[in-house]
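Notes for the structure review
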Amino acid sequence: MGGWVVFLARGVIRLDHLIRGKQMVKCSKAEVRRLKTALRWKIPAAQRQRIQMVLLRESGMSQPAIAAAMGVSLSTVNRAQMAYDHGGIKALKPKPNGGRKHENMTVAKEKALLARFAKTAGAGEMLNIHDLKAAYEKAIGHATSESTVYNLLHRHGWRKLMPRPHHPKRDLAAQNNFKKTAFLML
C-alpha cells in the first residue's frame, strides 16, 4: 500500500488519511462544463482557486500533485474537494469573515441604551462609566469588562471631549485673592 509520508525529526506521519482515494466523486461532463464556465465569471480569487483544484482532480491529478501545483497544503486541496462533493459549486465560495459574531446586543439596542444616558451627557454632565456598565450588564444579563463598555462608546461615536474645566467645590473669591496676593513679593 503506497501513500505519502512526511518524515519529521520526531517520527513519521502518514498522510493516507488525507488522500481520499476511492471516496472521490467523479463529476459528469455537464458539471465539468459548469466549473469551466464558472472560471470565466468575476469571482473571488479563493473561489477560483478552489474550482481549479476540483478541475485538476477531474483531469486525473492526485491531491499531493494538485497541492504542489497550486502552492497550497494537502489539507486545503482536500477541504476544497470535499466541499464540492458535498455542496457543489456554491460550497466553494469563501466564507465571509468579520462582523459581530460574539455581540452581546444588537447595535439598535446599544443605541437605545445610550439614549438613556444621552440627556445627562448632552447637558454637560460627566457620564459615569460605572453607571453605564451596570446598565449594560443588566441589559445583557451577565458581567462584562469595562473595555467592552468603552468599545461600545467608541462604536457609537462617543468620546472624551475634555476633562472637567474646574473643581466642583472651587471658591472663586479665594482664587481671586490668591492671584492678587501670591506674587507681590517677586
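Above this text you will find the structure in question.
So, here's what we can say about the structure. Within each chain, residues carry numbers counting from 1 in the order of the written sequence. Where totals are concerned, whole chains, interfaces and linings use all residues; where local detail is concerned, this predicted model gives features only for residues with pLDDT of at least 70, and gives and counts side-chain atom pairs only at 80 or more. Water and hydrogen atoms play no part in the side-chain values, which are based on all heavy atoms of the structure.

Brief notes about the overall build of the chain
- Working definition: helices are DSSP H or I runs of at least four residues, strands are E runs of at least two. Numbering for both runs from the N terminus. Along the chain, the regular secondary structure elements total eight helices and two strands.
- The buried share among the 186 residues of the chain stands at 25%.
- In what follows, residue pairs with any heavy atoms lying within 4.5 Å of each other are defined as contacts. A fraction of 49% describes how many contacts in the chain between residues 6 or more apart in sequence connect residues 24 or more apart.
- Carbon and sulfur atoms make up 58% of the accessible area of the chain, which totals about 14,000 Å². Exposed residues in this analysis have more than 50% of their type's maximum accessible area, buried residues have under 20%, and partly exposed residues fall in between, with area computed by a 1.4 Å probe over protein chains only. Per-residue accessibility takes into account occlusion by the displayed protein chains alone, with areas from the Shrake-Rupley method and a 1.4 Å probe.

Section: the pattern of salt bridges
- Only one rule defines a salt bridge in this text: a Lys or Arg side-chain nitrogen within 4 Å of an Asp or Glu carboxyl oxygen. Following the criterion strictly, the structure yields six salt bridges and no others.
- Ionic pairing is found between R155 and E110, a salt bridge with its closest N-O pair at 2.9 Å. Here E110 lies in helix 5 (residues 107-122) and R155 lies in helix 7 (residues 146-155), a separation of 45 residues in the sequence.
- The class of R155 is partly exposed, set by a relative accessible area of 40%.
- Overlapping salt bridges, with partners in common, bring together R100, E103, E110 and R155 in one network.

Focus on the side chain of H156
- You can see H156 is positioned in the loop between helix 7 and helix 8 (172-181).
- Look at H156 and you get buried, because its relative accessible area is 19%.
- H156 has contacts with V107, E110, K111 and L114, leaving out every residue within four places of it along the chain.

Structural notes on the nonpolar core
- Only buried residues count toward a nonpolar core. Its members are Ala, Val, Leu, Ile, Met, Phe, Trp, Tyr and Cys residues joined through side-chain atoms within 4.5 Å. Core analysis: the largest hydrophobic core is formed by twelve residues, namely M105, L113, L114, F117, I129, L132, A135, Y136, I140, V149, L152 and L153.
- It is helix 6 (residues 129-140) that provides the largest number of residues to this core, a total of five residues.
- Membership of the second largest hydrophobic core comes to ten residues, among which are V32, L35, I43 and I51.

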